[in-house]
Amino acid sequence: MHESFAIIGCGKVGVMMGKHLAEAGYRPAGFFSRRASAAGHAARIAGAADACFDNPWDAALQADVVLITTPDHVIEEMCRTIAENNGFRERSVVLHCSGALPSTILSSARSCGAFIGSMHPLQSFAADYPGNPFHQIMMAVEGDEAAVELAQAIAVSLAARPFIIPTEGKVFYHAAAVAASNYLVTLMDLSFRLMALSGVPASDAFAVLKPLIQGTLANIETIGIPDALTGPIARGDIGTVEKHLTAIRQVSSELADRYARLGIDTISIALAKGTLSQEAARQLLELFEYKPSQKKP
Ligand SMILES: NC(=O)c1ccc[n+]([C@@H]2O[C@H](COP(=O)([O-])OP(=O)(O)OC[C@H]3O[C@@H](n4cnc5c(N)ncnc54)[C@H](OP(=O)(O)O)[C@@H]3O)[C@@H](O)[C@H]2O)c1
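What you see is a predicted model; the values in this text were computed from it and never measured.

Q: Lay out the layout of surface pockets in plain terms, naming residues and giving numbers.
A: By volume, the largest pocket is sized at about 2000 Å³. The wall of the largest pocket is formed by 43 residues, among which Leu187, Thr216, Leu229, Leu262 and Thr266 lie closest to the centre. The greatest single-element share of the lining of the largest pocket, amounting to 12 residues, is contributed by helix 6 (residues 170–198). Roughly 1000 Å³ of internal volume is contained in the second largest pocket. Along the walls of the second largest pocket sit 35 residues, with Lys12, Val13, Thr70, Pro71 and Asp72 positioned nearest its centre. Listing elements by their share of the lining of the second largest pocket, those giving two or more residues are helix 1 (12–23), helix 4 (72–84), strand 5 (115–121) and helix 6. Partitioning the lining of the second largest pocket into residue classes produces 17 nonpolar, 14 polar and 4 charged. When we break the lining of the second largest pocket down by domain, the ones giving at least three residues each are domain 1 (4–165) and domain 2 (172–289).

Structure, rendered in structure tokens:
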């Protein structure tokens, strides 16, 4: 017999959680959102149209598991408001889904005898995803033992893959996710813009680069960093890097600066790989740090 659940904050994650928890056999018991229409929508999608409440504490009080899926900056205050109104059942589990924030922002729920935790789906959610957006994604969980146990079970029920992380590590974990996902977009934007300068049509850029990207990802998976690093910086091929920079600077100093910033970070990886000499590293750094206003030495 699965637990009953409440969703507080019925946006992208709340709606998806409600729908798929219900499908997994959890009982939808309470929905609350700032707009009643949003709560109504989430409740209908979860098959419990009559489970909407006018305030968050009445919604939370219906459930063994309370998911606070408001925006991050509202979670702590929302939890305190519910706790101050005795809205959490004793021995219930209160979870939030933020990646950056620790479970301790829910500490006020302990005054009602609830357990606290966080359960972060490592995925980007769009409004109306047709399938199960939790399928096979990683879910970081942390918090009180009882909350972690239940969050892991919920993740498995949603077909996700839970893993435990230290509470104090969450901010770094989230920064790592931003680097891997968001900064990858920034990196691909640089690559596409350089590819456009080559004359390859913009519509073809991704297809042209995709096998190379996949090969690099496979190398990172099998041999790791720094060994997966190849190319002119790893080889210490100063002439090629100089040609790149000269050509890009003639078209766009902004693109050249972006290329150079990543080049500087790449030098230390090449040094760690052991294929770049200290002298070549020094010359590369000089090239990357060169500003057009400076006179060439
Ligand atoms: N989106 C993602 O890709 C993603 C991924 C992983 C984790 N998360 C986490 O999941 C949580 C929810 O994110 P989300 O993307 O689903 O946000 P969202 O789409 O903005 O939904 C949050 C909902 O909370 C409601 N809300 C805002 N202020 C409220 C208040 N004071 N009281 C009650 N309800 C309030 C809003 O409902 P109304 O419409 O009623 O105003 C809004 O629809 C966050 O902790 C976020 O970090 C998000």
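Q: Quick rundown of the environment of Asn132? Include the residues and the values.
A: Mapped onto the elements, Asn132 comes out in the loop between strand 5 and strand 6 (138–143). A residue is classified by how much of its surface remains accessible, and Asn132, at 26% relative accessible area, is partly exposed. Through-space distance from the C-alpha of Asn132 to that of Met17 is 9.7 Å; in sequence the pair is 115 residues apart. In this structure, Asn132 is in contact with His20, Leu158 and Ala159, ignoring residues within four places of it in sequence. A distance of 2.9 Å separates the side chain of Asn132 from the backbone oxygen of Leu158, its partner in a polar contact.

Q: Account for the sheet that holds strand 6, naming residues and giving values.
A: The mixed open sheet is built from 7 strands, whose spatial order is 2-1-3-4-5-6-7. In the strand order of this sheet, the two ends are held by strand 2 (27–32) and strand 7 (161–164), each with one partner. Strand after strand, the sheet turns through a mean of 25° between neighbouring axes, direction not considered. Sheet strands touched by helix 1: strand 1 (4–8), strand 2, strand 3 (65–68), strand 5 and strand 6. Its angle to strand 1, the strand with the most contacts, is close to 165°. Those strands touched by helix 5 (residues 145–157) are strand 3, strand 4 (93–96), strand 5, strand 6 and strand 7, and its axis lies near 165° from that of strand 6.

Q: Any chance you could break down the packing of aromatic side chains for me, citing the residues and the numbers?
A: In this structure the tally under the stated criterion is 4 aromatic pairs. Measuring from ring centre to ring centre gives 6.2 Å for Phe5 and Phe31, while their planes differ by 75°; the resulting arrangement is edge-to-face. Residue Phe5 is found in strand 1, and its partner Phe31 is found in strand 2; the two are separated by 26 residues along the sequence.

Q: Just give me the short version of the pattern of salt bridges, but keep the residues and values in it.
A: Taken as a whole and assessed by the stated rule, the structure comprises 10 salt bridges. Measuring nitrogen to oxygen at the nearest pair gives 3.5 Å for the salt bridge that ties Glu23 to Lys19. Taken together, the residues span about one helical turn, with Glu23 and Lys19 both in helix 1 at a distance of 4 residues. For Glu23, a relative accessible area of 58% translates into the label exposed. Note on Lys19: relative accessible area 22%, which makes it partly exposed. Within the structure, one salt-bridge network assembled from shared partners comprises Asp189, Arg193, Glu254 and Arg258.

Q: For the nonpolar core, give the residues involved together with the corresponding values.
A: One finds Met17, Phe31, Leu95, Met119, Phe134, Met139 and Ile154 to be the most contacted residues of the largest nonpolar core, which totals 35 residues. Of all the secondary-structure elements, those providing two or more residues to this core are strand 1, helix 1, helix 2 (36–45), strand 3, strand 4, strand 6 and helix 5. Looking at this core, the element that brings in the most residues is helix 5, giving 6 residues. Here Met119 is in contact with Met17, Leu67, Leu95, His96, Cys97, Met139, Ala140, Val141, Ala151 and Ile154, once residues within four sequence places are set aside. Grouped together as the second largest cluster of nonpolar side chains are 21 residues, Ala59, Phe88, Ala114 and Ile116 included.

Q: Describe in detail the environment of Gly143, supporting the description with residues and values.
A: Along the chain, Gly143 falls in strand 6. Judged by relative accessible area, Gly143 falls into the partly exposed class, the value being 31%. Measuring from C-alpha to C-alpha, the distance between Gly143 and Ser118 comes to 6.3 Å, with 25 residues separating the pair along the chain. Filtering out sequence-adjacent residues up to four positions away, Gly143 remains in contact with Ser103, Ile116, Gly117, Val148 and Thr167.

What counts and how
- Residues numbered from 1 in each chain as written.
- Predicted model: local features only at pLDDT ≥ 70, side-chain atom pairs only at ≥ 80, totals over all residues.
- Heavy atoms only, no water.
- 1 Å grid on protein atoms, 1.4 Å probe; cavity = no way out; pocket = protein on both sides within 12 Å on 5 of 7 lines; lining within 4 Å.
- Points joined across faces, edges and corners; volume = space filled by probe spheres on them.
- Helix = DSSP H or I, 4+ residues; strand = E, 2+ residues; numbered from the N terminus.
- Nonpolar A, V, L, I, M, F, W, Y, C, P; charged D, E, K, R; others polar.
- Domains from an automatic or database assignment.
- Buried < 20%, exposed > 50% of the residue type's maximum accessible area, 1.4 Å probe, protein only.
- Contact = heavy atoms within 4.5 Å.
- Polar contact = N/O pair within 3.5 Å; in protein donor to acceptor, adjacent residues only side chain to side chain.
- Pairing = 2+ DSSP bridges.
- Axes fitted to C-alpha atoms, helices over the stretch in contact; angles between N-to-C directions.
- Phe/Tyr/Trp six-rings, centres within 6.5 Å; stacked < 30°, edge-to-face > 60°.
- Salt bridge = Lys/Arg side-chain N within 4 Å of Asp/Glu carboxyl O.
- Core = buried A, V, L, I, M, F, W, Y, C linked by side-chain atoms within 4.5 Å.

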